[in-house]
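# Structural description and commentary
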Amino acid sequence: MKGARLDAVLAGMRAGRPATGPLHVHIDVTNTCNAACVTCWDHSPLLTEGRPAAWKRRRLPIARFHALLASLAAFGSVESVVVSGMGEPLTHPDIYEMLAAVKAQGWGLTLMTNLVAADIERLAPIGIDQVLVGVQGASPTTHMAFHPGWTEDHFFKMCAHLRALARVGTRVRHVQVINRDTAPEVPAMVRFGKLFGADRVNFKLASLADGTEGCAMTDEQRAWLLAEGIPEARRIATEGRVPTNLDLFERQVRASAEPEAALVTVPIAEVGCWMGYVYTRVTVDEDVLYCCNTNVHVGSLRDADLAALWTGPRWNALRDELGAGRYLRGCERCGKFEQNVKWAERLAGPG
């Protein structure tokens, strides 16, 4: 993005009120999942209090999805849509129609998935701009440790789908969440990305809470990553010309090593939060979130139009709170840290 729209967004950030509608919208289409990732806030077997079965069955009806797209189009500002879920989006019976509908609007389309449930014959022709695949390991053993209940078959099915997407030229980014199970394979993950033609390998320190803290990487693993693992991964990435976010990941790992940091995964206070000017997320229940933090609600589409919420008192109050550096529970584990870094750099630039 550049030009007048970028200038307007930056002006709004400086003024404390958005000058455009959202640029990027994240839509959850289902809570149902085919996995139980050990770090997951919603489906992990380590959670002290799991989600109710009724919650896990919820999905966004196709008619409501189309209505949401129409309201987004009315803003005239939306550039991209992420289709995901608090479960696995490819388990939704109407997912291929949903993905095609986003593309029909002319927006950039990103799909977040573990890819195991994909019908590649239907998925590949849609022309998704980017698929973010939660790989979580570079071997069957690690993949199974991260996904309790899965077998080698799941790993090899994912690999087959990665090859199929590479053949048709789909941009695929590998997402590698790092905890005690996956930390030893950080260098191998770069090789895995090279093998399967990843557009980029994104490393993310696991964000843990409510019981999942038990699978955090150890102090010994953190020290190894900083001294050996990340430098080795960086060497492999350079030699293999594999794009990564290892510099940012190293920053996350160092932040988590501070004695007072406990389960901090990002130094959010160093860059600030700018998501309230460019982003929103809508859940299966049509709750509107300020960011990807599921605890920060703005309102509900059942009660108000998205445009009214975007400029309303609740959203503005949150912009003021975060703009003043009064961060919320969960900000220390910001899932949009990389995007916040980019916006902070833009704000610091000329003008």
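In what follows, the accompanying structure is described.

Cut-offs applied
- Residues numbered from 1 in each chain as written.
- Predicted model: local features only at pLDDT ≥ 70, side-chain atom pairs only at ≥ 80, totals over all residues.
- Heavy atoms only, no water.
- Salt bridge = Lys/Arg side-chain N within 4 Å of Asp/Glu carboxyl O.
- Helix = DSSP H or I, 4+ residues; strand = E, 2+ residues; numbered from the N terminus.
- Buried < 20%, exposed > 50% of the residue type's maximum accessible area, 1.4 Å probe, protein only.
- Pairing = 2+ DSSP bridges.
- Axes fitted to C-alpha atoms, helices over the stretch in contact; angles between N-to-C directions.
- Contact = heavy atoms within 4.5 Å.
- Phe/Tyr/Trp six-rings, centres within 6.5 Å; stacked < 30°, edge-to-face > 60°.
- Lys NZ or Arg CZ within 6 Å of the ring centre and 35° of its normal.

Let's shift gears to the pattern of salt bridges. A full pass over the atoms with the stated rule returns 22 salt bridges. Of the charged contacts in the structure, one is a salt bridge between Glu286 and Arg64, with a shortest N-O distance of 2.6 Å. Taken together, the residues span a long stretch of sequence, with Glu286 in the loop between strand E7 (279-282) and strand E8 (287-289) and Arg64 in helix H3 (residues 62-75) at a distance of 222 residues. Judged by its relative accessible area of 12%, Glu286 is buried. Take Arg64: its relative accessible area is 34%, and that puts it in the partly exposed class. In this structure, Asp287 and Arg302 form a salt bridge, with 3.3 Å as the shortest nitrogen-oxygen distance. Pair noted here: Asp287 is in strand E8 and Arg302 is in the loop between strand E9 (297-300) and helix H12 (306-310), with a separation of 15 residues, a long-range link.

Strand order across the open sheet formed by nine strands is E6-E5-E4-E3-E2-E1-E7-E8-E9, with mixed pairing between neighbours. Either end of the sheet is taken by a strand with one partner, and the two such strands are strand E6 (200-205) and E9. Geometrically, the sheet is characterised by an average inter-axis angle of 20° between neighbouring strands, direction not taken into account. Here E8 runs beside E9; their pairing, made up of three bridges, is antiparallel. Paired with Leu289 across the two strands is His297, which belongs to E9. Helix-sheet contacts for helix H4 (residues 95-104) involve strand E2 (80-84) and strand E3 (108-113), and the interaxial angle to E3 is about 150°. Together, strand E5 (172-178) and E6 form the strand contacts of helix H10 (residues 246-256), whose direction differs from that of E6 by roughly 10°.

Turning our eyes to something else, we now look at the side chain of Asn245. Following the sequence through the fold, Asn245 ends up in the loop between helix H9 (219-240) and H10. On the accessibility criterion, Asn245 (6% relative accessible area) is buried. Excluding its chain neighbours within four sequence positions, the residues that come into contact with Asn245 are Arg200, Val201, Asn202, Phe203 and Glu338.

Here we take up the pairing of E7. Looking along a regular strand, one sees the side chains alternate between the two faces of the sheet. Going residue by residue along E7, you find Tyr279 and Arg281 tucked away on one face and Thr280 and Val282 tucked away on the opposite face as well. In this sheet, E7 lies alongside strand E1 (residues 24-28) in parallel orientation, the contact comprising four bridges. In the strand pairing of E7, Ile27 is matched with Val282. For E7 and E8, the ladder comprises two bridges, and the chain directions are antiparallel. Bridge assignment links Val282 to a residue of E8, and that residue is Val288. Connecting E7 to the antiparallel partner E8 that follows it, the hairpin turn spans four residues, and Glu286 within it adopts a positive phi of roughly 65°.

Looking now at the packing of aromatic side chains. Under the definition given, this model contains five aromatic pairs. Residues Phe155 and Phe156 carry aromatic rings whose centres are separated by 5.4 Å and whose planes lie at 70° to one another, so their mutual orientation is edge-to-face. We classify Phe155 as buried; its relative accessible area is 4%. Relative accessible area serves as the criterion here: at 45%, Phe156 is assigned to the partly exposed category. Pairing Trp310 with Trp315 gives two aromatic rings, centres 4.7 Å apart and planes at 75°, and the pair type is edge-to-face. The structure contains a cluster of three or more aromatic residues connected by ring pairs, namely Phe155, Phe156, Phe192 and Phe196. Taking the ring centre of Trp310 as reference, the NZ or CZ of Arg319 above it sits at 4.8 Å.

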